[in-house]
Amino acid sequence: MCDWNNDGRLDLITGERNGYYTVFLRNEDSTLTNAGRIQAHGVDIVTNNNAWPTIVDWNLDGRKDLLAGQEGIGAPCNVYVYLNEGTDSLPVFGDSTPVEHGGSQFNNYRCVPLLLDLDGDGKRDLVLGEWYSSVRFYTNVGTDTNPVFNTFVNLVEPDPVGFVNGNPPRVNFTDWDGDGDLDMISCDYYGSVFLRRNITAAGVEERCEPQAASLKPQATVIRGVLFLPRDMTELPGNSDRVPRPALLDASGRSVLELQPGANDVRALAPGVYFVRSEPSAASHQPSVVTKVVVTQ
């Protein structure tokens, strides 16, 4: 949904099974009117089945653009962007441009793209739902006005049997539980709806360069440096609160002993890891496990 014509009311943009995109404008009485299909060069845009629209200002020029996903059996690319050549209140589209990762086009089956700043670095990243339930995260290594994507990590691993996050997952993010971080909501072709809560603990945050620690909730995705709060023994009378953190891989094996402050994780392979903090026996508190995603 978006305010397609800037009249202050939310309109509905749909992607259709047969590959078309349609605009439904909201009336004053909240009903919807079919305003026709989205066009490029005056001709209806039609994709290779299962069209998925994301309305976003791709190049931050103040005009809404169309980020398009499709099924793409045998197609060379399944994610395109149509830049708006008209105005923000009256979009007009011309040629499409394939979205790439590492210099290659996305040819994944049934791509469902979403553009948002997921790692909190001020640049919008690409989240891609695709066939067999997987959700991929591509961090933006370019700029916010000219996104560039290379490698990815799976936020949800492929599951060709149980479809644990839908098939294919149509993903969005919101603070569902009001705890200050983004949770994942997805639906799928079969009508299922899934909620995945973000269980990020306070004090684990993404930093590209060492900076002062923060105790507010931050994103789980990190690049280069994992930053932890300072050692609590620095504060008088708090020796029972000493964190004893370790970084574990998906099998539970310890791969790195962590220290308060900046921890260099550039040598680790991209993937899912877990920060386990073991408080001292005097605190009588259970260990805390926080999931993090290391990307390049």
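Residues numbered from 1 in each chain as written. Predicted model: local features only at pLDDT ≥ 70, side-chain atom pairs only at ≥ 80, totals over all residues. Heavy atoms only, no water.

S.K.: Tell me what's going on with the overall build of the chain, and back it up with residues and numbers.
M.R.: Helix and strand counts for the chain come out as zero helices and 26 strands. The long-range share in the chain, meaning contacts at least 24 apart out of those at least 6 apart in sequence, stands at 42%. Only carbon and sulfur atoms are counted for the fraction: they give 52% of the accessible area of the chain, which is about 14400 Å². (Helix = DSSP H or I, 4+ residues; strand = E, 2+ residues; numbered from the N terminus. Contact = heavy atoms within 4.5 Å. Areas by Shrake-Rupley, 256 points an atom, 1.4 Å probe, with all protein chains shown as cover.)

S.K.: Kindly report on empty space enclosed by the protein, identifying the contributing residues and their values.
M.R.: Summed over all chains, the structure comprises one cavity of 30 Å³ or more. Asn50, Ala51, Trp52, Gln70, Arg110, Cys111, Val112, Pro168, Arg170 and Tyr189 together form the lining of the largest cavity. Residue composition of the lining of the largest cavity, by class: six nonpolar, two polar and two charged. (1 Å grid on protein atoms, 1.4 Å probe; cavity = no way out; pocket = protein on both sides within 12 Å on 5 of 7 lines; lining within 4 Å. Points joined across faces, edges and corners; volume = space filled by probe spheres on them. Nonpolar A, V, L, I, M, F, W, Y, C, P; charged D, E, K, R; others polar.)

S.K.: I'd like a description of the nonpolar core, backed by residues and values.
M.R.: Counting 15 residues, the largest nonpolar core has Trp4, Tyr21, Ile38, Ile45, Leu66, Tyr82 and Phe93 as its most contacted members. Secondary structure elements with two or more residues in this core: strand 2 (21–26), strand 7 (65–69) and strand 8 (79–84). Apart from residues no more than four positions distant in its own chain, Phe93 is found in contact with Trp4, Ile38, Gln39, Ala40, His41, Lys64, Asp65, Leu66, Tyr82, Leu83, Asn84 and Glu85. (Core = buried A, V, L, I, M, F, W, Y, C linked by side-chain atoms within 4.5 Å. Buried < 20%, exposed > 50% of the residue type's maximum accessible area, 1.4 Å probe, protein only.)

S.K.: Could you give an account of the sheet that holds strand 17 (residues 183–187), naming the residues involved and the relevant values?
M.R.: Spatially, three strands are ordered 16-17-18 in an open sheet, and the strand pairing comes out antiparallel. One side of each edge strand has no neighbouring strand; the edge strands of this open sheet are strand 16 (170–174) and strand 18 (193–196). Within the sheet, the average angular offset between the axes of one strand and its neighbour, ignoring direction, is 20°. Summarising the sheet, strand 16 and strand 17 pair through five bridges and their orientation is antiparallel. Across the sheet, Arg170 pairs through a bridge with Cys187, a residue of strand 17. (Pairing = 2+ DSSP bridges. Axes fitted to C-alpha atoms, helices over the stretch in contact; angles between N-to-C directions.)

S.K.: Please give an account of the side chain of Thr54 that cites residues and values.
M.R.: Checked against the element boundaries, Thr54 lands in strand 6 (residues 52–56). A polar side-chain atom of Thr54 sits 2.7 Å from the main-chain carbonyl oxygen of Pro113. Leaving out residues up to four positions away in the same chain, Thr54 has contacts with Asp65, Leu66, Leu67, Pro113 and Leu114. (Polar contact = N/O pair within 3.5 Å; in protein donor to acceptor, adjacent residues only side chain to side chain.)

S.K.: Can you tell me about the confidence of the model for the chain, naming the residues and giving the values?
M.R.: When pLDDT is averaged along the chain, the result is 78; 77% of the residues meet or exceed 70. The lowest-confidence element of the chain is strand 19 (residues 205–207), averaging 39 in pLDDT; the highest-confidence one is strand 3 (residues 32–37), averaging 96. Contacts from residues 202–219, a stretch scored under 50 in pLDDT, to residues over four places away or in other chains number 50 contacts. In this model residues 231–242 is a low-confidence stretch, pLDDT under 50, and it forms 17 contacts with partners more than four residues away in sequence or in other chains. (pLDDT = per-residue confidence, 0-100.)

S.K.: Give a description of the packing of aromatic side chains that names residues and reports values.
M.R.: Taken as a whole and assessed by the stated rule, the structure comprises three aromatic pairs. Pairing Trp58 with Phe149 gives two aromatic rings, centres 6.5 Å apart and planes at 70°, and the pair type is edge-to-face. Highlighted residues: Trp58 in the loop between strand 6 and strand 7 and Phe149 in strand 15 (residues 149–156), separated in sequence by 91 residues. Take Trp58 and Phe149: they sit in the same class, and that class is buried. Ring geometry for Tyr138 versus Phe152: centroids 5.3 Å apart, planes at 45°, classification tilted. Remark: Phe152 occurs in strand 15 and Tyr138 occurs in strand 14 (residues 135–140); sequence separation between them is 14 residues. (Phe/Tyr/Trp six-rings, centres within 6.5 Å; stacked < 30°, edge-to-face > 60°.)

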